[in-house]
Amino acid sequence: MDFVSIRIITGNVARLVEFYEKATGVPATWATEDFAELKTPSATLAIAGTRTVPLFAPGSARPADNHSVIIEFLVDDVDRVHGNLTGLVSDFVNEPTTMPWGNRALLFRDPDGNLVNFFTPVTPVTPAAIAKFAR
């Protein structure tokens, strides 16, 4: 088994795709007006419109209703990225913070309210954290 993507269901595909393209610097590949993907070397963020939900099971997913998942991206310098996101992100949950497990993390919400974490392994106290994400 190989984990390949996470999909966000949204009421406004174009708006959310544009947000993630600007936030990550990754261009989207559009399959239809209701489905686009942002592919990184390790995983894909898929963004789909509400019209795709009935193809799986009507009513099985609701846009802008996530209260348990955090979408995470490894970045080279979370403090620099935080500065770049100013003006794009309207809801920073926290400023860059060094976590006990060795990551410096920035938590914010996308336009649909989904939690997004940009992080950089930083502390020498946990070399395993840095090695885990070595590129």
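Treat the numbers as computed from the prediction; the structure is a model and nothing was measured.

The strand order β1-β4-β3-β2 describes an open sheet built from 4 strands, whose pairing is mixed. Strands at the two margins of the open sheet, each flanked by one partner only, are β1 (5–10) and β2 (28–32). Direction aside, the axes of adjacent strands within the sheet are offset by 20° on average. Bridging between strand β3 (residues 35–39) and strand β4 (residues 44–49) involves 5 bridges; their strand directions are antiparallel. Across the sheet, residue Lys39 finds its bridge partner in β4, namely Thr44.

What follows deals with the pattern of salt bridges. This structure, assessed with the given rule, holds 8 salt bridges. Where Asp34 meets Arg51, a salt bridge forms, and the shortest distance between an N and an O atom there is 2.9 Å. In this pair, Asp34 is assigned in the loop between β2 and β3 and Arg51 in the loop between β4 and α2 (53–56), connecting sequence segments 17 residues apart. In this structure Asp34 comes out as buried when scored by relative accessible area, which is 17%. Here Asp79 and Arg104 are joined by a salt bridge, their closest N and O atoms 2.8 Å apart. With Asp79 in helix α3 (residues 78–85) and Arg104 in strand β7 (residues 103–109), this residue pair connects regions lying 25 residues apart in the sequence. Within this structure, Glu33, Asp34 and Arg51 form a network of salt bridges that share partners.

This brings us to unusual backbone geometry. A negative phi angle characterises most non-glycine residues, just as the trans form characterises most peptide bonds. The backbone of Ala64 shows a phi angle near 55°, a positive value even though the residue is not glycine. The topology assignment puts Ala64 in the loop between α2 and β5 (70–74).

The next point concerns the nonpolar core. Generally speaking, nonpolar side chains in soluble globular proteins are found buried as a group. Formed by 24 residues in total, the largest nonpolar core has its most connected members in Tyr20, Ile47, Leu85, Phe108 and Phe118. Of all the secondary structure elements, the ones that give two or more residues to this core are α1 (13–24), β3, β4, β5, α3, β7 and β8 (115–121). Looking at this core, the element that brings in the most residues is α1, giving 6 residues. Excluding its chain neighbours within four sequence positions, the residues that come into contact with Tyr20 are Ile8, Gly25, Leu38, Leu45, Ile47, Ile71, Phe73, Asp110 and Val116. By size, the runner-up hydrophobic cluster in this structure holds 5 residues, among which are Ile9, Phe35, Ala48 and Val53.

Attention now moves to α3. Among the residues making up α3, those that are buried are Val78, Val81, His82 and Leu85. Around the axis of α3, the buried residues are gathered within 110° of arc, so they sit on the same side. The inward-facing, buried residues of α3 abut α1, β6 (91–98), β7 and β8.

Definitions and cut-offs
Residues numbered from 1 in each chain as written. Predicted model: local features only at pLDDT ≥ 70, side-chain atom pairs only at ≥ 80, totals over all residues. Heavy atoms only, no water. Pairing = 2+ DSSP bridges. Helix = DSSP H or I, 4+ residues; strand = E, 2+ residues; numbered from the N terminus. Axes fitted to C-alpha atoms, helices over the stretch in contact; angles between N-to-C directions. Salt bridge = Lys/Arg side-chain N within 4 Å of Asp/Glu carboxyl O. Buried < 20%, exposed > 50% of the residue type's maximum accessible area, 1.4 Å probe, protein only. Core = buried A, V, L, I, M, F, W, Y, C linked by side-chain atoms within 4.5 Å. Contact = heavy atoms within 4.5 Å. Arc of directions from axis to C-beta.

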